[in-house]
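Chain by chain, the residues:
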Amino acid sequence: MRREHITSANALSRGDIEAALDRAAEFAADPTAHTDRRPGALLGLAFFEPSTRTRMSFAAAIKRLGGDIVDMGPVEASSVSKGESLADTVRVIEGYADAVVLRHPSEGAATMASEFVDVPLINAGDGAGQHPTQTLLDLYTIREAAGLDGLTIGIVGDLKYGRTVHSLAHALTNFDAEQHFISPETLALPESVRYDLDATGATIEEHTAIEPVLEELDALYVTRIQQERFPDESEYRAVAGEYRIDAATLDGVDDLPVLHPLPRVDEIAPELDGTDHAHYFEQAHNGVPVRMALLDLLLEDHR
Ligand code: NCD
């Protein structure tokens, strides 16, 4: 993975994924014991959209490796507000950092930006496109909770605009997973994602109701309806709250790990938080060792 850009999960092989997850497991054993790994390495953060977990866990990860961040800060306080292009912004940041993390509202932004820089550029979410590093921490969490090979997973919610779904679905094809996609018809997988999945020979099924498949699942991945991507507020209101998972939904379903990239709005009832189903906070916490592993691999030649 050395000095490569991470713009799409489609480019991650099973070998890449396993190398990252195995190293993450080493870091997770004691995240505080690795500040000698990448001393002085600088990670540039360029977030053009809100973020809590991704931004903070990348910052924690590089600091745990002995490095630090240089942060563009809020868009309003940067020269983006003066009209600077994305290409110029990342070209400037690469002079200040050994790798760049970019989150942007436009699908394809990370791939475009990566063409302008030599340091590794990491896609931390490009509109309704992809979010490959979230996928690594999702896979890490699923591997711990249910195993990956031959997994049967339900993925529910906003499959149209949910970038974490697009990345995860593709990455899971490396593990012969059987994937059940559950959404309202208006928020089904985009044709391009379905096409890419079909091209890998993936086993996928699409549903509009969760109950008929629940019993078959080894894991359930819940997503937020991506309100900010809806062209029309009334379209959002028509589907909001349709797939709320609560204690009644999971009544009689034992041992089903429930994941969510977070933030949740009302897709998972708080009454599940204290149950064995709840893996979503641990999932968010796994962002640190997983991003440590990714940065450690990408910055291999950094001394
Ligand atoms: C996700 C994102 O930004 O795509 N959040 C995250 O990074 N954990 C999911 C979401 O916003 O719903």
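As the structure is a computational prediction, the values presented were derived from the model and not from experiment. (Residues numbered from 1 in each chain as written. Predicted model: local features only at pLDDT ≥ 70, side-chain atom pairs only at ≥ 80, totals over all residues. Heavy atoms only, no water.)

(A) Region of the structure containing the overall build of the protein. On a plain count of helices and strands, the protein comes out with 11 helices and nine strands. Taking 303 residues into account, the globule formula puts the C-alpha radius of gyration at 19 Å, and the protein, at 19 Å, falls close to it. The contacts of the protein with a sequence gap of at least 6 include a subset with a gap of at least 24, amounting to 73%. Surface exposure of the protein reaches about 12700 Å², of which carbon and sulfur atoms provide 46%. Charged side chains in the protein number 24 positive and 53 negative. The centres of these two groups are separated by 9 Å. (Helix = DSSP H or I, 4+ residues; strand = E, 2+ residues; numbered from the N terminus. Rg over C-alpha atoms; globule rule 2.2 N^0.38 Å. Contact = heavy atoms within 4.5 Å. Areas by Shrake-Rupley, 256 points an atom, 1.4 Å probe, with all protein chains shown as cover. Lys, Arg positive; Asp, Glu negative; His and termini not counted. Charge placed at Lys NZ, Arg CZ, Asp CG, Glu CD.)

(B) Spotlight on the site of the ligand. Around the ligand, the structure places Arg53, Thr54, Arg103, His131, Gln134, Arg163, Thr164, Arg224, Gln226, Pro261, Leu262 and Pro263. Arg224 has a polar side-chain atom sitting 2.9 Å from an oxygen atom of the ligand. One of the side-chain N or O atoms of Gln226 is found 2.8 Å from an oxygen atom in the ligand. Contributing elements (two or more residues each) for the shell around the ligand: helix H2 (53–64) and helix H6 (163–172). (Near = heavy atom within 4 Å. Polar contact = N/O pair within 3.5 Å; in protein donor to acceptor, adjacent residues only side chain to side chain.)

(C) Structural detail: the sheet that holds strand S9 (residues 258–259). Overall, parallel pairing links the five strands, which are arranged S7-S6-S5-S8-S9 in an open sheet. Two strands close off the open sheet at either side, each with one partner strand: strand S7 (203–207) and S9. Pairing of strand S8 (residues 219–222) with S9, which is carried by two bridges, proceeds in the parallel orientation. Within S9, the residue paired with Tyr221 across the bridge is Leu259. (Pairing = 2+ DSSP bridges.)

(D) Looking closely at the pattern of salt bridges. Applying the stated criterion to the full structure yields 17 salt bridges. A salt bridge links Lys63 to Asp68, with the nearest nitrogen and oxygen atoms 3.8 Å apart. A single network of salt bridges, built from pairs that share partners, joins Arg23, Arg37, Arg38, Asp296 and Glu300. (Salt bridge = Lys/Arg side-chain N within 4 Å of Asp/Glu carboxyl O.)

(E) Summary view of the environment of Thr200. Relative to the helices and strands, Thr200 is located in the loop between helix H7 (191–199) and S7. Between the alpha carbons of Thr200 and Arg37 there is a distance of 36 Å; along the sequence they are 163 residues apart.

(F) Quick peek at H2. When the terminal C-alpha atoms of H2 are compared, their 16 Å separation across 12 residues agrees well with the 16 Å that a helix rising 1.5 Å per residue should span. Turning to H2, its buried residues number three or more, namely Thr54, Arg55, Ser57, Phe58, Ala59, Ala61 and Ile62. Those residues of H2 that are buried are in contact with strand S1 (42–47), strand S2 (68–71), strand S3 (99–104), strand S4 (121–126), helix H5 (132–146) and helix H11 (287–298). Looking at the residues trailing H2, positive phi occurs at Gly66, about 95°. (Expected span 1.5 Å × (residues − 1). Buried < 20%, exposed > 50% of the residue type's maximum accessible area, 1.4 Å probe, protein only.)

(G) Fine view of the pairing of strand S6 (residues 178–182). Of all five residues in S6, four are buried, a share of seventy percent or more. In this sheet, S6 lies alongside strand S5 (residues 152–156) in parallel orientation, the contact comprising five bridges. Each bridged residue has a counterpart across the sheet, and for Thr152 the counterpart in S6 is Glu178. Of the crossover connections in this fold, the one passing from S5 over H6 to the parallel S6 is right-handed. By the bridge criterion, five bridges tie S6 to S7 in an arrangement that is parallel. Considered in S7, the bridge of Phe181 is made with Glu206. After leaving S6, the chain enters H7 and then returns to the sheet as S7, a path that is right-handed. (Right-handed = clockwise from strand over helix to strand, strands pointing away.)

(H) Representation of the packing of H5 against H11 within the structure. Close contact between H5 and H11 brings their axes to 9 Å; oriented N to C, the two are set at 120°. As the angle between them shows, H5 and H11 are arranged oblique. As H5 packs across H11, the resulting crossing turns out to be right-handed. Facing Thr133, Gln134, Leu136, Leu137 and Tyr140 of H5, the residues of H11 in contact are Gly287, Val290, Arg291 and Leu294. Residues belonging to the contact of H5 with H11 are distributed by class as follows: five nonpolar, three polar and one charged. (Axes fitted to C-alpha atoms, helices over the stretch in contact; angles between N-to-C directions. Parallel < 35°, antiparallel > 145°, perpendicular 65-115°, else oblique. Left-handed = near helix turned anticlockwise from the far one by under 90°. Nonpolar A, V, L, I, M, F, W, Y, C, P; charged D, E, K, R; others polar.)

(I) Local environment of the nonpolar core. The biggest cluster of nonpolar side chains holds 55 residues, and the ones touching the most others in it are Ile155, Leu172, Phe181 and Leu295. Examining the composition of this core, we find that eight residues originate from one element, H11, more than from any other. Aside from chain neighbours lying at most four places away, what touches Ile155 is Val165, Leu168, Leu172, Gln179, His180, Phe181, Ile182 and Tyr221. One finds Ile210, Leu217, Tyr243 and Ile268 within the second-largest nonpolar core, a separate group that totals 18 residues. (Core = buried A, V, L, I, M, F, W, Y, C linked by side-chain atoms within 4.5 Å.)

(J) Just the sheet that holds S4, in detail. The sheet built from four strands is open, its strands ordered S2-S1-S3-S4 with parallel pairing. At either margin of the open sheet sits one strand with a lone partner, and together these are S2 and S4. On average, each strand axis in the sheet is inclined to that of its neighbour by 20°, with strand direction left out of account. Strand direction decides the pairing type here: S1 and S3, joined by five bridges, are parallel.

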